[in-house]
Structure formats: C-alpha cells, structure tokens
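Spelled out, the chains give:
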Amino acid sequence: MEVKKRSTPILPWMRSPVDVNQFEACALNLFPCLDPRLTVLIINFFQVRLEVALDKMGFSSLFPVQVAVWQETIGPGAFERDLCINSPTGSGKTLAYALPIVQKLSTRSVKCLRALVVLPTRDLALQVKEVFAAIAPAVGLSVGLAVGQSSIADEISELIKRPKLEAGICYDPEDVTCELQSSVDILVATPGRLMDHINSTKGFTLEHLCYLVVDETDRLLREAYQSWLPTVLQLTQSNEESLFPLANSFLSSTFGSLKTIRRCGVERGFKGKSHPRLVKMVLSATLTQDPSKLAQLNLHHPLLMTTGKRRYQLPEKLESYKLICESNLRPLYLVALLQELGEEKCIVFTSSTESTHRLCTLLNLFGDLGIKIKEYSGLQRQSRRSKTLKSFREGKVQVLVSSDAMTRGMDVQGVRNVINYDIPAYIKTYIHRAGRTARAGQAGRCFTLLHKYEVKRFKKMLQKADNESVPHYSVPSSSIESLRAAYNSALGKLKETVESEASRKRKFGSKFLKLSRTKPTDRRKG
Ligand SMILES: Nc1ncnc2c1ncn2[C@@H]1O[C@H](COP(=O)(O)OP(=O)(O)OP(=O)(O)O)[C@@H](O)[C@H]1O
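In this text, all values refer to a predicted model and were calculated from it rather than measured experimentally.

When helices and strands are counted, the protein shows 19 helices and 18 strands. Relative to its 526 residues, the protein shows a buried fraction of 50%. Taking all contacts inside the protein whose residues are at least 6 apart in sequence as the whole, residues at least 24 apart take part in 79%. Accessible area of the protein: about 26,000 Å², with a carbon and sulfur share of 53%.

Right, let's talk about the UniProt feature "domain: Helicase C-terminal" (unreviewed entry) in the protein for a bit. In the numbering adopted here, UniProt assigns the feature "domain: Helicase C-terminal" (unreviewed entry) to residues 333-483. Taken end to end, residues 333-483 comprises 38% helix and 17% strand; its first and last C-alpha atoms sit 9 Å apart.

Right, let's talk about the sheet that holds strand β5 (residues 115-118) for a bit. Ordered by their spatial adjacency, 8 strands build an open sheet running β1-β12-β4-β11-β10-β5-β9-β6, and the pairing between neighbours is parallel. The sheet terminates laterally at β1 (18-19) and β6 (143-146), the two strands that pair on one side only. Across 4 bridges, the pairing between β6 and strand β9 (residues 186-189) is parallel. Opposite G144, over in β9, you have L187 as the bridge partner.

The next thing to look at is unusual backbone geometry. The backbone of N298 shows a phi angle near 50 degrees, a positive value even though the residue is not glycine. Along the polypeptide, N298 turns up in the loop between α12 (291-295) and β12 (303-306). With a phi angle near 50 degrees, A440 is a residue other than glycine that sits in the positive phi range. Along the chain, A440 falls in the loop between α16 (427-434) and β18 (444-450).

Taken together, 21 residues form the shell around the ligand, and within it Q66, G90, K93, T94 and D411 come nearest. Separating a nitrogen atom of the ligand from a side-chain N or O atom of Q66 is a distance of 2.8 Å. Its free accessible area being 640 Å², the ligand has 96% of it covered by the protein chains. When contributions to the shell around the ligand are tallied by element, the ones reaching two or more residues are α1 (36-50), β3 (61-62) and α4 (93-105). For the shell around the ligand, a count of residues per class yields 6 nonpolar, 9 polar and 6 charged. Shared between two domains, the shell around the ligand holds at least three residues of each, these being domain 1 (12-164 + 179-238 + 275-306) and domain 2 (318-503).

For the coordinates displayed, the defined rule picks out 17 salt bridges. Put simply, R330 and D422 hold a salt bridge, and the shortest N to O gap is 2.8 Å. Linking R330 in helix α13 (residues 330-341) with D422 in the loop between β17 (415-420) and α16, this pair joins segments that are 92 residues apart in sequence. Its relative accessible area of 11% is what places D422 among the buried residues.

Ordered by their spatial adjacency, 6 strands build an open sheet running β13-β18-β17-β14-β16-β15, and the pairing between neighbours is parallel. The open sheet has two free edges, formed respectively by β13 (318-324) and β15 (373-376), since each of these has just one partner strand. Within this sheet the neighbouring strands show an average axis-to-axis angle of 20 degrees, counted without direction. Relative to β17, α16 is tilted by about 150 degrees, and along the sheet it contacts β13, β14 (345-349), β17 and β18. Running at roughly 165 degrees to β13, helix α17 (residues 455-463) makes contact with β13 and β18 of the sheet.

Rules used in this analysis
- Residues numbered from 1 in each chain as written.
- Predicted model: local features only at pLDDT ≥ 70, side-chain atom pairs only at ≥ 80, totals over all residues.
- Heavy atoms only, no water.
- Helix = DSSP H or I, 4+ residues; strand = E, 2+ residues; numbered from the N terminus.
- Buried < 20%, exposed > 50% of the residue type's maximum accessible area, 1.4 Å probe, protein only.
- Contact = heavy atoms within 4.5 Å.
- Areas by Shrake-Rupley, 256 points an atom, 1.4 Å probe, with all protein chains shown as cover.
- UniProt positions renumbered as here; feature names shortened; annotations may be inferred.
- Pairing = 2+ DSSP bridges.
- Near = heavy atom within 4 Å.
- Polar contact = N/O pair within 3.5 Å; in protein donor to acceptor, adjacent residues only side chain to side chain.
- Nonpolar A, V, L, I, M, F, W, Y, C, P; charged D, E, K, R; others polar.
- Domains from an automatic or database assignment.
- Salt bridge = Lys/Arg side-chain N within 4 Å of Asp/Glu carboxyl O.
- Axes fitted to C-alpha atoms, helices over the stretch in contact; angles between N-to-C directions.

Structure, rendered in structure tokens:
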C-alpha cells in the first residue's frame with residue numbers, strides 16, 4: 001500500500017505574503033527618509049567591495065528586498081509587525097535589515113545594547129558585522145562582535161564599558177556595584193558566545209533590546225544551542241517588576257543575579273510608548289514553514305515577505321548544469337571541468353568533511369593544474385579556515401573544496417562557478433550551495449556531477465525550485481584521456497598520504513591518551 005506523506009498545514013498569515021517582486025530597485029538619493037549620512041557610506045561600501053565604477057553597475061540603488069523591508073520598517077509599516085523574509089540567496093537581505101535598524105537607532109539618546117543579530121557561524125557573523133560597521137559609525141553607533149574569535153576577556157572589554165577605569169580610578173574587578181555600561185549599540189553574535197555573555201558577563205544585559213534579527217533562521221532553529229532563543233525571548237519580555245512578580249521570581253531563579261527586566265519607555269529613550277515591544281526580523285533563502293519551529297520565535301502579528309509564488313527560488317541569473325559520469329571517474333571529470341573554468345573562482349561542494357579532505361588532497365596530488373586549490377571544512381581549526389577564506393577572497397586561491405560549512409550565507413566576490421561534486425540531499429542544500437554564485441544580480445553557474453542513476457532524483461529535486469530542464473554539460477573526452485595517467489598516479493599517492501596521516505593520528509592519539517592519564521594538571525598548565 002502506498003503511504004502518502006502528510007503535508008504540514010501552512011499558517012494562515014503565510015498564505016498572504018508581500019511579494020518583494022512588486023518593488024523596484026530604488027536610487028539611493030531618491031530613497032524616502034534615508035539619513036543622508038548613510039547614503040554616501042553605502043555607495044562607498046559597495047564601490048570598494050565590488051571594485052567597479054558606480055555608474056556602470058548602478059550600485060547607487062537599493063535592491064527590491066531592501067526597498068520592501070524599508071516600507072515595512074521606516075516606511076508606512078513602521079515596525080508594527082515582526083517580519084519573516086524569504087528571499088533568494090544573494091538578494092541583499094543583510095542590508096535589508098541593517099539599514100532600517102541603523103536608521104532607527106541613529107536618533108537614540110543613550111548608549112546601550114539595542115539590536116542583536118544572531119547568526120549560526122563565526123565567519124558569517126564577521127561578514128554581517130562588516131556591513132553594520134560600514135554604516136553604523138556614520139550616525140554615531142558602535143557595533144560589537146561576540147563569536148569567540150578572541151578571548152572572552154578581550155570580548156568583554158570590547159562590549160562593556162567601565163566608567164571608573166576610564167576616569168583613571170583604580171577598578172576593582174570584584175566590585176559589582178560600579179556602574180557597567182554597554183559599549184555597543186548593535187551586537188552581532190553566534191549563539192554559543194551570546195549565551196556565555198548572558199550567563200557570566202557582568203553588565204551584559206538585553207533589557208534595552210529593541211531589535212532581534214535571526215539570520216539563516218531555519219538553520220538556527222534546527223539546533224537548540226543551549227536554548228539560546230527561549231533565553232533571549234525570556235530576557236526581553238516587556239515585563240515590569242511590579243506587574244509580573246511571578247515572572248521575576250522565575251527569572252531570578254533561572255538566571256541568578258542577572259538584571260534583565262526591561263525598563264520603562266522614558267528610561268530607554270522611547271518617550272510616548274511605555275514598553276516598546278522587541279521587534280523581530282527573521283530571514284532565510286529557505287525559510288521554514290513548519291508551525292512548530294516558527295512558534296519558537298513567538299512572533300508578533302508576523303508578515304511574510306517572499307519573492308514570487310514559489311517557496312524555493314534560485315537566483316535569476318543562475319545557470320544550472322548536470323555532468324553525467326561514472327562514480328569512480330568523478331575526480332577525473334572534476335579536474336577536466338576545473339581546467340575548463342580556468343582561473344575563475346570556484347567552490348566545489350562535497351557531502352562530508354572527510355570527503356572534502358580526501359578530495360582536496362587528491363586534487364593537489366594531480367601535479368601542477370595551474371590553479372591553487374584549498375580545503376575549507378568543519379574539520380579544520382577556525383584560524384585555518386579564516387586564513388583560507390581570506391586567500392580565497394583575495395584571489396590567491398581559486399578553488400575551495402568545501403563541506404556544507406560554507407553553504408550558508410557566505411558572500412565572496414567573484415565566485416563564478418559552484419560545483420556539486422556530491423549531489424545534495426535536499427533542495428534547500430542545493431539552493432544554499434548554488435547561491436554562493438550569481439549573487440547581487442550577477443551571472444553564475446552551478447554544475448552537478450551525477451551518476452546516470454541519480455538523474456531522476458536530481459530532476460525531481462530541482463522541480464521544487466521550478467527548474468525542470470537542467471541541460472547537460474559535457475567535457476571533451478580528449479581532456480579526460482589526457483588526465484588518466486596523472487589520475488592513476490595521484491590515486492596511488494593518495495593511498496600513501498592517507499596511511500601516513502592515519503598513523504600520525506594514531507601516534508598523536510596514544511601520546512595524548514598517555515598524557516591525559518598521567519599528568520592532568522601539567523597539561524592544563526601547559
Ligand atoms: N543595494 C545593493 N547594491 C549593490 N550590491 C548590493 C546591494 N545590496 C547588497 N549588495 C551586495 O549583494 C551581495 C549579497 O548580499 P547579502 O549577502 O546580503 O545577500 P543575502 O540575501 O543575505 O544572501 P544569502 O541568502 O546567501 O545569505 C553582497 O555582496 C552585497 O554587498
């Protein structure tokens with residue numbers, strides 16, 4: 001008997017979204033209510049990043065999603081509703097939320113933490129911080145980062161101001177009575193480090209928070225990360241001690257001495273409204289429709305903003321191709337394809353960190369391909385990953401072999417091609433991988449290497465994004481033949497390399513085990 005898959009019911013408010021396609025890109029100088037100090041900076045920012053003449057590319061305008069969100073925030077919508085933004089990869093979602101937040105906070109009277117942006121990875125958080133840092137200082141706002149890039153002590157000194165210390169008076173770190181203040185108005189954070197600060201940083205408070213952005217929402221909601229979301233929501237409820245004594249006792253029992261009850265409007269610089277609500281903006285190119293997941297966000301009168309009628313959209317100028325080959329010949333086809341693409345920046349995706357490492361090692365054993373190829377995966381240390389990413393951004397590395405750590409949100413200029421070495425398991429994965437190219441209205445190509453038995457599944461998957469006819473891409477058989485000898489030799493060397501790596505790991509493992517059994521205290525000191 002055929003078992004029919006039950007489809008999840010769509011929430012009523014999701015049935016009538018605002019279509020971002022109805023909005024047109026708008027010239028910055030014609031943009032209603034935009035602080036003129038921001039206009040100049042935005043233009044400079046894109047000019048520097050894209051290294052092209054402004055007038056050639058029309059970078060003095062805002063993208064449709066940015067115009068649409070502006071309407072719902074600074075425009076007539078006036079931040080009355082929480083926003084769920086589902087718009088394709090590379091469509092400019094970061095600036096879509098950064099701009100209204102910065103504009104809105106530009107009139108703030110007291111410095112305190114008012115906007116929190118949460119992202120799933122450190123590299124992504126760094127990227128978003130860069131966008132805020134490019135525009136916020138122009139209106140006197142400071143932006144902080146809590147991602148664990150530096151030591152917690154360094155991070156605390158960036159985020160929290162100790163007035164007595166600044167005045168030259170000796171500061172006693174145990175003196176909790178001294179008035180600690182936030183040094184930042186906007187904080188970009190990953191959930192783990194955010195929780196560290198919530199739990200243990202003196203003076204770190206969310207009591208003044210006005211805006212919460214959950215970027216890459218579906219990814220963040222999938223993983224609970226020490227219950228960061230319920231904690232943030234609990235700490236930012238507009239409760240008054242006198243009105244909700246029970247809530248207070250719950251908070252103090254759960255979060256110890258943390259002072260997190262939101263203050264009244266005037267004290268927070270909002271005259272007129274006694275308790276401004278925390279406005280939430282959640283975003284993704286593949287926003288979840290799952291009611292139980294969305295319920296975790298406790299959205300207020302949410303408004304869905306989407307692009308077009310389809311749930312999944314690929315960037316307009318993305319071309320998808322399939323390349324069919326035998327499984328054991330995939331590395332050969334990949335090398336032939338990479339040689340055809342020449343020095344164009346390219347990301348090759350595999351399905352796991354292990355195969356990323358193996359494939360990258362193999363490619364580098366092929367002899368001189370005339371292209372620099374590096375690995376980027378969750379197996380590596382963060383410092384190594386950041387270094388590789390920097391070289392890739394600068395064009396010193398042309399090909400990144402990556403596990404899915406790279407798929408979400410990363411924005412690297414000039415990536416013209418994406419290659420799925422392993423077929424992605426879900427359409428969402430395809431969208432995020434392919435979305436590393438064809439960004440900001442530019443052209444890009446996504447190639448998927450397939451065995452002939454995978455073609456049907458691939459076609460079915462892409463139908464979900466309305467992309468039914470994926471043309472074949474073929475590499476000349478002469479290229480394949482000319483690479484065979486190099487391939488066989490590389491395979492032989494790969495075996496040796498893998499064995500020597502494994503024996504190194506074993507040695508290191510047993511040494512580590514011995515150390516941990518004998519001298520735990522010494523190790524800690526070292
Ligand atoms: N108005 C604009 N004019 C020109 N370039 C822009 C504009 N807005 C954003 N960009 C550029 O577009 C690129 C994509 O922006 P962004 O990273 O915000 O996309 P995104 O929608 O968040 O993508 P993803 O879903 O992959 O995270 C960036 O390089 C950004 O600098």
